[in-house]
Amino acid sequence: MPFGYASPEQIMRDKADYARKGIARGRSVVVLQYVDGILFVAPNPSRALHKISEIYDRIGFAAVGRYNEFEELRLGGIRYADINGYTYDRSDVTGRGLANLYASNLGRIFTESIKSLEVEVVVAEVGETKDGDAIYRLTFDGSVFDEHGFAAMGGQAEAVAGRLKERYRESMSLADALEVALTALTEPGGERPPVGQLEVAVLDRNREHRKFLRLTGARLERLLAQTTTPQPASPPASSGSGDTPPPTGPEGPVDDGSSPL
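Quick caveat, the model's predicted, so the values are computed rather than measured.

J.: Could you give an account of the packing of helix H1 (residues 8-24) against helix H3 (residues 95-112), naming the residues involved and the relevant values?
T.: One way to put it is that H1 packs onto H3 with a least axis distance of 10 Å and a crossing angle of 125°. Considering the angle they form, H1 stands oblique to H3. Residues Met12, Lys15 and Ala16 of H1 form the contact with H3, whose participating residues are Phe110, Thr111 and Glu112. Here the contact of H1 with H3 is built from residues that sort into three nonpolar, one polar and two charged.

Here is the structure:
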């Protein structure tokens, strides 16, 4: 056996372990259905780097892992959607088509590249009715999971999914769904992220044309006030305690995109 030889099976295991460790360092994201659409919730202290985004009229995108890697996937999905919507019809752009595109790209990179992508992705599409909603979760190796009701990914995905399973029920209101998501994302006995460190968005089937809407500021605070558990306020500015705040730019914290989110 040549010196330094590694079997294909060992190489694939090493790639998978590497990707899982990178994803595990990222904060979890929850995606779940509610009566009027699909809700996305993620703890995210950065105001400049989004983990949740719009892809097309009825399609949303959420990811965990390395920002610079899943941002490339997001942009590729937008190009695919724009080209197909322009060439054929806007209704021909579907969540399933995007999930298949991402699965192909992730699987090819995992197989052919030295380093796999440290990302996990959800593509969600809101339908005209609840039965038309779709949530697809994709892992770093291109595997696709058709989730029903909810999906969780990130560092504590199994624990978060377990708490979601205990509390999730069909046809929840938006406020109830947000309460369930925040409870699932919070460790037992731990404190919930302050309002200023939450990234929340919906695909609302009742909106005209573009269904994606970010919930921020006063709108998010009003919604949080309807949940059963009081939410902590944003932490006050440092008062000289010796902590060094992160460097900021005109749009918020500066990040090179290489850290897990």
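Now that the structure has been shown, the text picks up again.
J.: Residues and numbers for helix H2 (residues 67-87), please.
T.: For H2, spanning 21 residues, the distance from its first C-alpha to its last is 30 Å, which sits close to the expected 30 Å at 1.5 Å a residue. Those residues of H2 that fall on the buried side of the exposure criterion are Tyr67, Glu69, Phe70, Glu71, Leu73, Arg74, Gly77, Ala81 and Gly85. Contacts made by the buried residues of H2 are with strand S3 (52-56), strand S4 (59-65), H3 and strand S5 (119-125).

J.: Lay out the packing of helix H4 (residues 157-167) against helix H5 (residues 174-185) in plain terms, naming residues and giving numbers.
T.: In contact at an axis separation of 8 Å, H4 and H5 are set at 145° when each is read in the N-to-C sense. You can see that H4 and H5 cross each other, and the crossing is right-handed. Residues Val160, Arg163, Leu164 and Arg167 of H4 lie in contact with H5, whose contacting residues are Val180, Thr183, Ala184 and Leu185. A per-class count over the contact of H4 with H5 returns five nonpolar, one polar and two charged.

J.: Requested: an account of unusual backbone geometry, with residues and values cited.
T.: Apart from glycine, the bulk of residues carry a negative phi angle, and the bulk of peptide bonds sit in the trans form. Positive phi, normally seen in glycine, also occurs at Ser171, with a value near 60°. Positionally, Ser171 belongs in the loop between H4 and H5. Looking at Ser171, the relative accessible area reads 45%, which means it is partly exposed. Of note, the phi angle at His209 is positive, near 60°, even though the residue is not glycine.

J.: So, the pattern of salt bridges: which residues are in play, and what are the values?
T.: Tallied over the full model, the rule gives 18 salt bridges. We note a salt bridge from Arg20 to Asp17, for which the minimum N-O separation is 3.4 Å. Of the two residues, Arg20 and Asp17 are both situated in helix H1; the distance of three residues between them amounts to about one turn of the helix. In this structure, Glu118 and Arg66 form a salt bridge, with 2.9 Å as the shortest nitrogen-oxygen distance. Within this pair, whereas Glu118 is found in the loop between H3 and S5, its partner Arg66 is found in the loop between S4 and H2, the two being separated by 52 residues in sequence. Summarising the burial analysis for this pair, Glu118 and Arg66 share the class buried. If you follow the salt bridges from partner to partner, you end up with Arg25, Arg66, Glu69, Lys115 and Glu118 in one network.

J.: How would you sum up the sheet that holds strand S7 (residues 144-147)? Please name residues and give values.
T.: Taken together, the five strands give an open sheet; going across it, the order is S3-S4-S5-S6-S7, and neighbouring strands pair in antiparallel fashion. Lying at the two open borders of the sheet, with one neighbouring strand each, are S3 and S7. Strand-to-strand twist of the sheet, defined as the mean angle between neighbouring strand axes without regard to direction, takes the value 25°. As judged from the four bridges shared by strand S6 (residues 134-138) and S7, these two strands associate in the antiparallel manner.

J.: Mind laying out H1, listing which residues take part and the relevant values?
T.: With 17 residues, H1 should cover 24 Å at 1.5 Å per step; its first-to-last C-alpha distance of 24 Å lies within 8% of that length. When we look at burial in H1, the residues that qualify are Lys15, Ala16, Ala19, Gly22 and Ile23. One side of H1 carries all its buried residues, which in axial view fall inside an arc of 130°. The inward-facing, buried residues of H1 contact S4, H3 and S5.

J.: Would you mind going over the side chain of Glu120 in detail, with residue names and values included?
T.: Position of Glu120 among the secondary structure elements: in strand S5. Overall, Glu120 belongs to the buried group, its relative accessible area being 10%. Reaching out from Glu120, the side chain makes a polar contact with the side chain of Arg137 at a distance of 2.8 Å.

J.: For the environment of Ala177, give the residues involved together with the corresponding values.
T.: Following the sequence through the fold, Ala177 ends up in helix H5. According to the relative accessible area criterion, Ala177 is buried, its value standing at 0%. If near-sequence neighbours (up to four positions away) are discounted, Ala177 is found in contact with Leu32, Tyr34, Leu39 and Met172.

J.: How would you sum up the packing of aromatic side chains? Please name residues and give values.
T.: The geometry of an aromatic ring pair comes down to the distance between the two centres and the angle between the two planes. Considering all chains together, one arrives at four aromatic pairs under this definition. Judged by centre distance (5.4 Å) and plane angle (80°), the rings of Tyr67 and Phe70 are edge-to-face. Residue Tyr67 and its partner Phe70 are located together in helix H2, separated by three residues, close to a single helical turn. Each member of the pair, Tyr67 together with Phe70, is buried. Plain terms: the ring middles of Phe110 and Phe140 are 5.7 Å apart, the flat faces sit at 55° to each other, and that makes the pair tilted. Placement of the pair is Phe110 in helix H3 and Phe140 in the loop between S6 and S7, with a sequence separation of 30 residues. Take Phe110 and Phe140: they sit in the same class, and that class is buried. The aromatic ring of Phe110 is capped on one face by Lys15, whose charged end is 5.9 Å from the ring centroid.

Analysis parameters
- Residues numbered from 1 in each chain as written.
- Predicted model: local features only at pLDDT ≥ 70, side-chain atom pairs only at ≥ 80, totals over all residues.
- Heavy atoms only, no water.
- Axes fitted to C-alpha atoms, helices over the stretch in contact; angles between N-to-C directions.
- Helix = DSSP H or I, 4+ residues; strand = E, 2+ residues; numbered from the N terminus.
- Parallel < 35°, antiparallel > 145°, perpendicular 65-115°, else oblique.
- Contact = heavy atoms within 4.5 Å.
- Nonpolar A, V, L, I, M, F, W, Y, C, P; charged D, E, K, R; others polar.
- Expected span 1.5 Å × (residues − 1).
- Buried < 20%, exposed > 50% of the residue type's maximum accessible area, 1.4 Å probe, protein only.
- Left-handed = near helix turned anticlockwise from the far one by under 90°.
- Salt bridge = Lys/Arg side-chain N within 4 Å of Asp/Glu carboxyl O.
- Pairing = 2+ DSSP bridges.
- Arc of directions from axis to C-beta.
- Polar contact = N/O pair within 3.5 Å; in protein donor to acceptor, adjacent residues only side chain to side chain.
- Phe/Tyr/Trp six-rings, centres within 6.5 Å; stacked < 30°, edge-to-face > 60°.
- Lys NZ or Arg CZ within 6 Å of the ring centre and 35° of its normal.

Structural measurements only, silent on function.
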